[in-house]
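Structure at a glance
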Amino acid sequence: MTLQLDAPPNVLGSQTPRIWSAPESASAETYEAALRIAQIARIDLDEWQKFVLRHALSEDSRGNWAAPTVGLVCPRQNGKNEILAIRELLGLFVLGEQEIVHTAHDQTSASRQFKKLLILIDRAPEFRNKVARPYRGKGSESIELKSGQHILFKTRTGGTERGASVALIVYDEAFELSSSEMSALSPTSLAVDLDQEWFTSSAVDQDKHRNGVELARLRERGLRGTDGLAYFEWSIEGDDPSGVPEEQAADPHVWAQANPALGVRIPVDRMRHKREVAMGPREFAVECLGVGDWPRTDGAVEKIIPPERWAACADVHSRREGRICLAFDVSPERSGAIAAAGFREDGRAHIEVIEHRRGTG
C-alpha cells in the first residue's frame, strides 16, 4: 500500500540552497545593476534567484569578480535560464563585455536561450535600440550590438571559439561537458582581465550522462568552499538515486528542499504527476530531487563487468555469417573503436572489436 500525501496549498520551495559556498564580497554594485536589468526586462525574480545573483556577482576590494567561477546545480524548470538571461543582458548592456559565448550540449537548448534573450531585448526599448542585428542561422545564432559587442549561442565542440577573447562563457546543461570541450573553451578567456565562467545544470546520473566528470569536479570544489568559486546546489541528502526511500520521494516537503520554484513556477500537482506517472523512481530522484550519481574524479574507473569474467566469454574460433552491424565509438580520451556484430551458424550472437586505436583517423 502506498501512502498518498496531500500537499498543503502553502508548500513552497526552499529559497536557500542546501549546499552553497561563495567568496566574501566587498561590493554589491553589480548585483544592484542586475536587479535594474531584471526590472527593465520585466523579469520577476524569486528570492532564490536573487540569492544566486547576489553572491555570484559580488566584487572584491579591487573591483574584480570575487567569484570568477559560478556553479548552479538545480532540478529542471525552476528558473535557471532566467538567471542566465539576466547575467547575459548585464554583460551586454551594463558591463560592456565584448564577447559572450553561451554553450549547451545540443542545438535545441542553445536555440531556446537565443530566442529567450531576443524576446527580452525586443520588449525593452532600452535594449532593442542598441541592437544592430540578430543572426538566426542554425548553429551560429548570435546577437550583435551597434557597439560591436556580441553574444554567440552554440553547441559545445572541440573547436568552439578557439583563439577568441571571451569575457563570459556559459556552460549550460553541464552534466554533458567533456574534458576536451573544457580544454578547448577555457583558454578563450585568458586575454581579458575580468572574465567569468558559469556552469548550470541538473544533477549528473552516470547511467545517462557520459561526460559528468567536469561538473563533478566543480561540485567537489564547491563542497570544499574553494576560493574564487560561488557554488549553489538545490538537492536532498543522498548519493544514491536508486536508494531514496518511498516516504521521502512522496513527501511534498522533501520536494520543496530541491525545487525552489515549487508552488510558484512548478505546481505541486505537476510534481506529483511526474513521480506517479511520468518518471521511474530513479529518474525522479535525479531530475526532481537533485540526487546525483556523481562520477569519480580521480581517474579511477569502476568496471561494470569484471575483466576476468569478460575474458572467460572469449571464443577465438567463433565466426559470424551473413549480414553484420557495425558500430563506431570514441572515448572521452579520444580513442576510437570499431566493432561488428552478427550471428553464427548455430544462431548465437557474435561480437568482435575490429579496430581500437588512439585518435579517430
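Below is a summary of the structure that appears in this document. Small disclaimer: the values here were computed from a predicted structure and weren't measured.

Rules and cut-offs
- Residues numbered from 1 in each chain as written.
- Predicted model: local features only at pLDDT ≥ 70, side-chain atom pairs only at ≥ 80, totals over all residues.
- Heavy atoms only, no water.
- Buried < 20%, exposed > 50% of the residue type's maximum accessible area, 1.4 Å probe, protein only.
- Helix = DSSP H or I, 4+ residues; strand = E, 2+ residues; numbered from the N terminus.
- Arc of directions from axis to C-beta.
- Contact = heavy atoms within 4.5 Å.
- Expected span 1.5 Å × (residues − 1).
- Phe/Tyr/Trp six-rings, centres within 6.5 Å; stacked < 30°, edge-to-face > 60°.
- Lys NZ or Arg CZ within 6 Å of the ring centre and 35° of its normal.
- Axes fitted to C-alpha atoms, helices over the stretch in contact; angles between N-to-C directions.
- Parallel < 35°, antiparallel > 145°, perpendicular 65-115°, else oblique.
- Left-handed = near helix turned anticlockwise from the far one by under 90°.
- Nonpolar A, V, L, I, M, F, W, Y, C, P; charged D, E, K, R; others polar.
- Patch = residues over 30% accessible without salt bridge, like charges linked within 9 Å, V, L, I, M, F, W, Y side chains within 5 Å.
- Areas by Shrake-Rupley, 256 points an atom, 1.4 Å probe, with all protein chains shown as cover.
- Salt bridge = Lys/Arg side-chain N within 4 Å of Asp/Glu carboxyl O.

**What about helix α10 (residues 268-278)?**
When α10 is considered as a whole, its buried residues turn out to be Val 268, Met 271, Arg 272, Lys 274 and Arg 275. Across the axial projection of α10, the buried residues extend over an arc of 155°, all falling on one side. Looking at α10, the residues exposed on the side facing more than 90 degrees away from the buried face are Asp 269, Val 277 and Ala 278. The elements touched by buried residues of α10 are α8 (246-249), α9 (252-258) and α11 (281-287).

**Thoughts on helix α7 (residues 213-224)**
For α7, built from 12 residues, the straight-helix expectation of 16 Å at 1.5 Å per residue is met to within 8% by its first-to-last C-alpha distance of 17 Å. Along α7, the residues classified as buried are Glu 214, Leu 215, Ala 216, Leu 218, Arg 219 and Gly 222. In this structure, the buried residues of α7 make contact with β1 (19-21), β2 (69-73), α6 (179-185), β8 (196-201) and β9 (229-233). In the stretch just after α7, Gly 225 is the one whose phi turns positive, near 75°.

**Some points on the packing of aromatic side chains**
Taken as a whole, this structure holds 7 aromatic pairs when the rule is applied. Seen from their ring centres, Phe 51 and Phe 232 are 6.2 Å apart, and the 80° between their planes marks the pair as edge-to-face. Placement of Phe 51 in helix α2 (residues 47-56) and of Phe 232 in strand β9 is noted, with a sequence separation of 181 residues between them. A relative accessible area of 0% means that Phe 232 is categorised as buried. Arranged with centres 4.6 Å apart and planes meeting at 20°, the rings of Phe 93 and Phe 127 form a pair that is stacked. Here Phe 93, found in helix α3 (residues 80-93), pairs with Phe 127, found in helix α5 (residues 125-128); they are 34 residues apart in sequence, far enough to count as distant. For the pair Phe 93 and Phe 127, a shared accessibility class is recorded, and that class is buried. Grouped by ring-pair contacts, the aromatic residues Trp 20, Phe 51 and Phe 232 constitute a single cluster. We note Arg 54 situated over the ring of Tyr 31; from NZ or CZ to the ring centre the distance is 5.9 Å.

**Structural notes on the packing of α3 against helix α4 (residues 107-122)**
At a minimum axis distance of 10 Å, the contact between α3 and α4 shows a crossing angle of 60°. With respect to α4, the element α3 is oriented oblique. The hand of the α3/α4 crossing is right-handed. Residues Asn 81, Glu 82, Leu 84, Ala 85, Glu 88, Leu 89 and Phe 93 of α3 form the contact with α4, whose participating residues are Gln 113, Lys 116, Leu 117, Leu 120 and Ile 121. For the contact of α3 with α4, the per-class residue count stands at 7 nonpolar, 2 polar and 3 charged.

**Digging into a nonpolar patch on the surface**
On the surface, Ile 324, Leu 326, Phe 328, Ile 338 and Ile 354 cluster together into a nonpolar patch covering about 460 Å² of accessible area. The element contributing the most residues to the nonpolar patch is strand β10 (residues 321-330), with 3 residues. Inspection of the secondary structure assignment puts Ile 354 in strand β12 (residues 349-358).

**What to know about the environment of Gly 238**
With respect to the helices and strands, Gly 238 occurs in the loop between β9 and α8. Measuring from C-alpha to C-alpha, the distance between Gly 238 and Asp 293 comes to 9.3 Å, with 55 residues separating the pair along the chain.

**A closer look at the pattern of salt bridges**
For the structure shown, the criterion picks out 23 salt bridges. Linking Glu 173 and Arg 76 is a salt bridge whose minimum nitrogen-to-oxygen distance equals 3.9 Å. On the criterion of sequence distance, the pair formed by Glu 173 in the loop between β7 (168-171) and α6 and Arg 76 in the loop between β2 and α3 is long-range, its members being 97 residues apart. Across the salt bridge formed by Glu 352 and Arg 320, the nearest N and O atoms sit 2.3 Å from each other. Highlighted residues: Glu 352 in strand β12 and Arg 320 in the loop between α12 (307-312) and β10, separated in sequence by 32 residues. Its relative accessible area of 29% is what places Glu 352 among the partly exposed residues. Within this structure, Arg 76, Glu 173, Lys 208 and Glu 287 form a network of salt bridges that share partners.

From the geometry alone we can't say anything about function, so treat these as descriptive.
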